[in-house]
Amino acid sequence: MEDKRFWPFVGGALARPIALSLGLGMMGFMGPLSAAQAAGSSAASNPTRELKLYTTRHYAGDQRVNDEFTKATGIVVKTVSIKDASALVARVIAEKDRPAADLVVTTDTGNLFRLADAGVFQTLDSGVVNAAVPVDFRDPQGRWTGVAMRVRVIAYNKSKIKPEQIPTIESLAQPELKGRLLVRPSHHVYNQSLAATLLADVGPDRLKAWAQGVTVNLARKPQGGDTDQLKAIAAGEGDVAIVNSYYLARLMDSEDPKDRAIADKIGVVFPDQGPQQRGVHVNVSGVGILKGTPAAAEARAYVEFLVSPLAQQLFASASKEYPVREDVPLDRTLRDWQRPRMDRKGLRVISAYTPEAVRILDEAGWR
Amino acid sequence: MKGSPVSLRISRFWVPILSGLLGLVLCAPLLVLVVRGGWLSLAVDPQAGIAQGLPVSRLWDYAWGSFAVAVGATILATLWGGLSAYLLERWALPYRRWLIMAAIVPLATPSYLAAYVWVDSLVDWGIPGGLVRSLPSAWLLLGLALSPYVFLAALTAFAQTPRSLVDSGRLLGCSRWSCFWRIEWKLAAPAILGAALLVAMEVLADFGTVEHLALDTWSTGIYRSWNAYHNPQQTTALALSLLVAVGGLAALLQRTRLARSAAPSGRSHHQERRRNVGIGAQTVAIGGIVFPSALLIVYPAVVLVWRWLTRETEDVLPGEPVALLWLDSVLLALAGALLVVITGCAVVTLLRLTTRGGARMLPRLNSHGGARVLPRLNSHGGARMLLRGGLLGYALPGSVLAVGLLHLMTPLGVGGSLTAVLLAYVCRYVTVVATPLESAWKRVPLQVLEQARILGASSAGAVVRVGLPFVFPTLMAGAILVSLDVLKELPATLLLRPFGVDTLALQIHALASDERLAEAAPAALALLLTCVVGLTLAVRWGAFGEWVFRSVELQGPEASGPRLGTPKETGKGDP
């Protein structure tokens, strides 16, 4: 057909061969892709070569830990990082009868309990883990163990607020802080878990009053992540914020002078440290071994590696979290803060109280 | 069969079966959720699912949020796109071809990337976060990102308005403004409003941008009920409502398209006398036309490059290097496009085969000789509806689709695998190929197929060897558009991918949402570049109306194409 209208690209004669080769090329590439996938799944039946891991974490430190493990044992660790915890939980539970992976690492106790209660984990039965990790930071039934911890602290503008004004989480609802409080949206899992422990401790009425007080005190609508709250303190949008400890620690230790300048303006209070008080809210990242995995021995070795001093040190220094092992020295940034008294009891009740806590927060207007 | 030179003798048994099966496959994710999520029980006992879910009072906030964002973004997109098209068509502006490309290119980019960079850079400059993460930002980002839809529709419409009409109006005493309003706008309105509806649909379905801007919309509500409340019934109910809303808009869109189908499709016939304007006006016009791409592509690219070059951290990034990610993403995109194209062809074929009269592959002529475009519900109506329903997969939030597929595929053993991911892409994007293909097929001239039959081709042969080349550019353009969509896709890839597969979009999202934009820069730049190049190719191959591109090259009478009967032009030397 001479009419070039219908062959607007490189001349009519070449079009069909181009399209054909493109199509064949796609099919050709599909081959290696699916072969790689098939090889991947067949490797699971060759357990000494690799471990497959689902994780919600996306930190460089974790990669280093995996590399150290490979160096030590020769087992390669492949990860699928699904940042969305609900999606991860959905996938793992859906694959319960045919697990595609060997391990799951996730950053919230709530998630760990949900997975454990759905029956996807096998019991760890590891003396090493039991010795290394305090009983509060592992599953009571031995299905998972924590590997790193973070606490939720109050960050404040050193020039505008005195730490005595904000000794507890509940004090954030005080009228003096009206229009000065910064926090991320309520539906984020960090705030959900905090509210759950608060609910367990003080009951629904006080939680609701607190949530309403917080909403009134907000300097701006809840937005962004924890680091955004810290930057907003430095920029003067607010004076107090609720953040996870490692975000502030990261800023303090950053190689970027701008970050350090922000961190210089900010002080930190570990709330609820009084003798009768519950302690600062703590949450763990944890790992569990999936039932039915052919590489159970290797997986156990990996878990034991995660609670070994080397890995714990890497967690501490790379992502600035608290190690679960008490004999591992803290990263120098955290050392100034020392180990706060943590709300260990609260850890167990997070998953039970979260749904009601979330609803109360929403009804109070904390978006 | 009377009046039709082509009829495929396919048994009446198979067509509805195949259509039904294909429709079921396309609708499967949603059906699985509805069944498993116990939504049917929700219908029986409305309080059952809501008790542990989003408070109903919040739903009003979400609905209002969606409405506010959609209205503002649509108005901005319509004004910006419409005005740009008008200026390009009526004023003599230099570098016309480049300006058209610049106006179209924002369509390719992932809007969440622009949102990440926008928020991060503005907050860095000291603008309070509360001002940045606000409704006007959403209007700006979404409206400008989607303005190409309106731009293209308006460009087509204004170009097809014969200049002589306007001249006659002026001669008869209308002022310039009055001429525009009463003549050009009236003729262009159906197309422009149709495109505006399309923009509204896209805005309603958007999640990434509004979530990053901390706005409460229906889509974020769905996500919250899924993520924070873990309530599958409520999630499915909310997703279905969104589907209904978007489907309603799509039906409205169908009507405006129908109104427009009477207008001639094809090349512009008017002489290209454009108004000469002063250099000041030209600069303003060019600035306005180029602004969307400047804001959504050039600015993020510059910011990303700057962040990357001035980064202080040398941390080892988790995951694969960018080159491998790029390869993974592109291969996935191409594979997805191939499957979607095949499915799209199948859908269109089956749709046409289930029109009245059974196995006819040609547009029916109504009594006036125009093409009849109304779909008919008839003996194969059920199967047809399933197919049409499958085409609505585009409106389903990606995460809902992914979870549905997960529940479907895991018992079959292919839960986290390429099969699942590709199927998700097919369900989601088949409409991107099928809808233009349907209209393109209707434009295939009847007589060419008739002549093919006369010359001895079989029915199937006529369709494949003669009809297919007519729609081939549309197919290729659709394939590229699907590739671009797959490149940018997040939720389904996140949930369903097998081990060892990671894409650029996932890396960007993981890093940027953790406030590590500098580390996301290489992947983001790679994605941006690939999308821009891909869209350029698509436009080159006639993605948005092949003559839109060609029209820049048309210069005068030769533009109308070869005229039959003149030996010189048809190239045949026969006397």
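Rules behind the numbers
Residues numbered from 1 in each chain as written. Chains lettered and ligands numbered in written order. Predicted model: local features only at pLDDT ≥ 70, side-chain atom pairs only at ≥ 80, totals over all residues. Heavy atoms only, no water. Helix = DSSP H or I, 4+ residues; strand = E, 2+ residues; numbered from the N terminus. Buried < 20%, exposed > 50% of the residue type's maximum accessible area, 1.4 Å probe, protein only. Contact = heavy atoms within 4.5 Å. Areas by Shrake-Rupley, 256 points an atom, 1.4 Å probe, with all protein chains shown as cover. Phe/Tyr/Trp six-rings, centres within 6.5 Å; stacked < 30°, edge-to-face > 60°. Pairing = 2+ DSSP bridges. Patch = residues over 30% accessible without salt bridge, like charges linked within 9 Å, V, L, I, M, F, W, Y side chains within 5 Å. Salt bridge = Lys/Arg side-chain N within 4 Å of Asp/Glu carboxyl O. pLDDT = per-residue confidence, 0-100.

(A) Highlighting the overall build of chain B. Across its full length, chain B carries 25 helices and zero strands. Counting only residues that meet the buried cut, chain B has 57% of its 575 residues in that class. Within chain B, counting contacts between residues at least 6 apart in sequence, those at least 24 apart form 82% of the total.

(B) Quick look at the overall build of chain A. The helix and strand tally for chain A stands at 14 helices and 10 strands. Looking at chain A as a whole, 59% of its 367 residues are labelled buried. Entry remark: accessible area of chain A is about 14200 Å², with carbon and sulfur atoms responsible for 54%.

(C) Representation of unusual backbone geometry. All names here are of chain A. Phi at Asp125 takes a positive value of approximately 50°, unusual for a residue other than glycine. Tracing the backbone through its elements, the reader meets Asp125 in the loop between strand 4 (121-122) and helix 5 (127-132). Look at Asp125 and you get exposed, because its relative accessible area is 66%. Although it is not a glycine, Lys320 adopts a positive phi angle of roughly 60°. We classify Lys320 as buried; its relative accessible area is 5%.

(D) Up close: the side chain of Ser186(A). Residues and elements named next belong to chain A. Mapping Ser186 onto the fold places it in the loop between strand 6 (181-182) and helix 6 (189-202). Under the relative-accessibility criterion, Ser186 is labelled buried at 5%. Leaving out residues up to four positions away in the same chain, Ser186 has contacts with Asn191, Gln192, Leu361, Trp366 and Arg367.

(E) Representation of the packing of aromatic side chains in the model. In total, this model carries 18 aromatic pairs over all chains according to the counting rule given. Between Phe113(A) and Trp144(A), the aromatic rings sit 5.4 Å apart at their centres with planes inclined by 90°, giving edge-to-face as the arrangement. Note that Phe113(A) is positioned in helix 4 (residues 109-117) and Trp144(A) in strand 5 (residues 144-157), a separation of 31 residues in sequence. Given the relative accessible area of 9%, Phe113(A) is considered buried. Looking at Trp144(A), the relative accessible area reads 2%, which means it is buried. Through pairs of rings, three or more aromatic residues link up here, namely Tyr86(B), Phe158(B), Trp177(B), Phe180(B), Trp181(B) and Trp185(B).

(F) How the structure looks around the pairing of strand 8 (residues 266-269) of chain A. All names here are of chain A. Here strand 8 shows two buried faces, one formed by Ile266 and Val268 and the other by Gly267 and Val269. Examined bridge by bridge, strand 5 and strand 8 share four bridges and lie antiparallel to one another. Bridge pairing in strand 8 links Tyr156 to Gly267.

(G) Local environment of the environment of Ile289(B). Residues and elements named next belong to chain B. Of note, Ile289 is situated in helix 14 (residues 279-309). Residues Ile289 and Leu198, spaced 91 residues apart in sequence, show a C-alpha to C-alpha distance of 20 Å. The contacts of Ile289, once residues within four sequence positions are left out, are Ser84, Leu88, Leu93, Leu99 and Ala103.

(H) Spatial organisation of the pairing of strand 7 (residues 240-244) of chain A. Residues and elements named next belong to chain A. Within strand 7, five of the five residues are buried, which leaves the element mostly enclosed by the surrounding structure. Neither face of strand 7 is exposed, since Val240, Ile242 and Asn244 on one face and Ala241 and Val243 on the opposite face are all buried. Here five bridges tie strand 5 to strand 7, and the two strands are oriented antiparallel to one another. By the bridge assignment for strand 7, Ala155 is matched with Ala241. Of the pairings in the sheet, the one linking strand 6 to strand 7 comprises two bridges and is parallel in character. Within strand 7, the residue paired with Leu182 across the bridge is Ala241.

(I) Representation of a nonpolar patch on the surface. Residues and elements named next belong to chain B. Judged by side-chain polarity, Trp14, Ile17, Leu18, Leu21, Leu24 and Leu31 come together as a nonpolar surface patch covering roughly 560 Å² of accessible area. Its place among the elements puts Trp14 in helix 1 (residues 14-36). Judged by its relative accessible area of 48%, Trp14 falls in the partly exposed class.

(J) Spotlight on the confidence of the model for chain B. Residue and element names in this part refer to chain B. Per-residue confidence for chain B gives a mean pLDDT of 79, with 80% of residues at or over 70. Within chain B, the element-level pLDDT minimum falls on helix 25 (residues 567-570), averaging 41, and the maximum on helix 14, averaging 94. Counting contacts from residues 261-267, a segment whose pLDDT is below 50, to residues more than four positions away or on other chains yields 11 contacts. In this model, residues 357-379 is a region of pLDDT below 50 whose contacts with residues beyond four sequence positions or in other chains number 50 contacts. The complex prediction reports pTM at 0.82, with the ipTM value standing at 0.81.

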